[in-house]
Amino acid sequence: MLDLKSFFRQAGKGKAVIALLLCIFITAGGIEVVPAKAAPDAPEGYKTVAETARLILSFNEWDHSVIIEDRGTGYQWNSIVGEGGIPAENLNAQWKSNLKSLFNITYTNLKTGDGTLVTASSDFLKPKISSGAKDGGIVLTYDFPGIQVSLSLEFAVEADTLTVRIPADSIRESGDIGIVSIELLPFLGAAGDDKDGYLFYPDGSGAIMKYRDPAHYGQKKQTWSIYGSDIADYMAEVMGDSATSGNGSAALPVFGINHGENGILAVIAEGEYDTVINLTPSGNVVDLNRISPEFIYRRFFIDPRTRKKVVKKYDKELSGNDHAVKYILLSGKDAGYSGMANAYRDYLLEKGILEKKIKDGDPIPLGLDLFMGISEKTLIFDRFLPMTRFKDAKAIFRKFREKGVEHIQSNLLGWTKKGMYTEPSYFPTNRRLGGNAGLKDLAEYASENSIDLFLYTDFQNANAKYGNFSKRNDVVYQSNGLVITGQNNQWFLFNPMAALRFFTDHFLKKAKECGNVGVNFSYFGDFIYYDYNQKNPSTKKQTADTWNRIMGESSEELGKTSVVTGNLYSLKYADKIDSVPSEDNGLFITSEAVPFYQMVVHGILPYTTPMMEAGNLTADIKEQKLKWIEYGYMPYFQLTYESPERLKYTDYNQLFTSKYDEWIDTASDIYREMNKKLGDQWDQFIVEHKQLRENVYCVTYEDGTRVFLNYGDQSTMAEGVPVEAIDYTVVDKEGRTK
């Protein structure tokens, strides 16, 4: 069976940008406005418009480009590809304009309404451009008479950061043309294949594309939708329009550019819910590798009246979102993806977006999911199959504690009235599992024995077969007025406000009666969507805000909360993250997957691997243990009391080996080993990750502890430290082997 969430998933020197006739010089007493002066090291034609102790921002009033200079290294990032940056004799006029543009604009004719899109660079559209001063920077105002559109770009520097912003109220549309998207600084830091360095992008755990890696050449542009693709993308794919479907999903609104000893971390700080990240490898018209954000101002939907071809319609109204990107300059050892992760973690902690939930001295927990029960389809009636009763779960926990496992974090899957995949039917819990009384007794035992218990739920998907909800009022609509539904009109997506009402009115009170239990809100951390429900419409941001409201109430009234994947917005109330990807999505452009996400959250929040990397389901437990250690995961297993053979004809038949007594010794041994060797590092940040050579890696913690990992089948030396085959060695800050 495919739940609706899964159903939808099938679904030489650089340059920067700015303009200004004034220079802002920062002194100890504040900001002093002085006449513009020639930048000491900028190319001819550029004037300094703002500077800090770390940065110099220069502007060229003739081509309206900007350069950001790192004072410490003298390295310059150019916002455009200037003269001599690339052979241009074979390029047409449009592409020559593209290379010297600060943004690309995609638009459609709202009057004709045929959904045709046109993309043009800002320079190609022949704008009238004016500039003016702002605190710490400059404002450029663009007027495009040909399409009757105008907008402003704001540039400001502070400390080590350049912020580029497009205020929503600066956008004017006075004709028939409607803006669909704006791609900002598409050639900032663009580099050829002969340059040292790479692009970092938030694909899965994180990934890098090295400029010198020939595998990316000529590959198509890749796009990641921050926090997941829009539903319209999925519907387009169903209708056969593959050109606009298949976007990847980014859990973090960041990307990075590395030029050897210099780097930029780009943080999408405003409007991230309606932003995608584009990466275009060399070999696509020009031999430049580039990455940039694209801001979405209008959503599309499929016109249901046209059956022979896909016809897209775009929203008549422009979204009212401000958009901003912070470009943080990095250098030296901080210029790589490890430095980017450290800078991003610091940014999130400083802004209060992340809050440290792991306390000093906390041990590494054992992630132990227990599969409780499921309804099996038969010819006449569904039959409930209990796999782990509440009393069985209590016995399993007790046996683990007897083997020295002192801290467990456990999701209960299929604990409900009808078992797994029967949302939104939750209470009363199935009597064959032990009913509400059995759950309450288990919760009391868990609370007394350092076991964090989470009830696995899904308040996004709704199964009409089991739920008492309105298929007209409580579900998600596309903007074309059609309800989003799965096969056979059985699965639906909950309208966010309907989910909130169901949680508050039906779930919360009954869960409280079962004692101190936490809640796993599953896809709250993985998937948000627009809803055009006329009664309760919701943008992606409003949907995320509703999920956080539910999680906040649950934290206050019940216990800890958990989510899967861990999109950034969901971490405010989360105490644990499940199913954090341990690799990228296997794109041809990728040179190497990296643990960027894990480096950001390690020591702050505990997390597990995806289900199919549970210790009992992996093909090689020794190699899986290395991955847990390299990426900072807790050890993780998904077990049952009964034999998994009983699940053979159910919709949960992927659990092929799970009987707890066959795995308890392995799980307990790994738990004790990891706590003995790395328990002191559980509450610490991972500050560096690097590949030393093929199959050999080094991870460094903030206290100086290093972990050398060898995935190869032969023993090796790593920075003078011996490491056995398919094994690891921990070296403390004093150089002693643990």
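As for the side chain of T161
Its place among the elements puts T161 in strand β13 (residues 161–166). Judged by relative accessible area, which is 13%, T161 ranks as buried. Polar contacts involving the side chain of T161 include one to the side chain of D160, which spans 3.0 Å. Sequence-distant contacts of T161, defined by excluding residues within four places in its chain, comprise L55, A156, K326, Y327 and I328.

A closer look at the confidence of the model for the protein chain
Here the protein chain averages 89 in pLDDT, and 89% of its residues register 70 or above. pLDDT under 50 marks residues 1–40. Its contacts with residues more than four places away, or in other chains, come to 148 contacts. This stretch, residues 234–245, has a pLDDT under 50; its non-local contacts, to residues over four places away or in other chains, come to 23 contacts.

Overview of the pairing of strand β15 (residues 177–184)
Taking burial as the measure, the eight residues of β15 include eight buried ones, the bulk of the element. Bridge count for β15 against strand β23 (residues 290–296) is three bridges, and the pairing is antiparallel. Residue pairing in the sheet places S181 in a bridge with I296 of β23.

Looking at unusual backbone geometry
Generally, phi is negative for residues other than glycine and the peptide bonds are trans, each holding for most cases. Cis geometry is adopted by the peptide bond preceding P424, which originates at E423 and carries an omega value of 10°. Mapped onto the secondary structure, P424 falls in the loop between β30 (408–413) and α6 (435–448). The peptide bond linking F427 to P428 adopts the cis configuration, its omega dihedral lying at -5°. By the secondary structure assignment, P428 is in the loop between β30 and α6. One non-glycine residue, Y421, lies in positive phi territory at about 65°. With respect to the helices, strands and loops of the structure, Y421 is situated in the loop between β30 and α6. Notably, T565 is not glycine yet its phi reads approximately 70°, a positive angle. Examined against the element boundaries, T565 turns out to sit in the loop between β35 (561–564) and β36 (576–578). On the basis of relative accessibility, which here comes to 14%, the residue T565 falls in the buried class.

Calculation rules
- Residues numbered from 1 in each chain as written.
- Predicted model: local features only at pLDDT ≥ 70, side-chain atom pairs only at ≥ 80, totals over all residues.
- Heavy atoms only, no water.
- Helix = DSSP H or I, 4+ residues; strand = E, 2+ residues; numbered from the N terminus.
- Buried < 20%, exposed > 50% of the residue type's maximum accessible area, 1.4 Å probe, protein only.
- Polar contact = N/O pair within 3.5 Å; in protein donor to acceptor, adjacent residues only side chain to side chain.
- Contact = heavy atoms within 4.5 Å.
- pLDDT = per-residue confidence, 0-100.
- Pairing = 2+ DSSP bridges.

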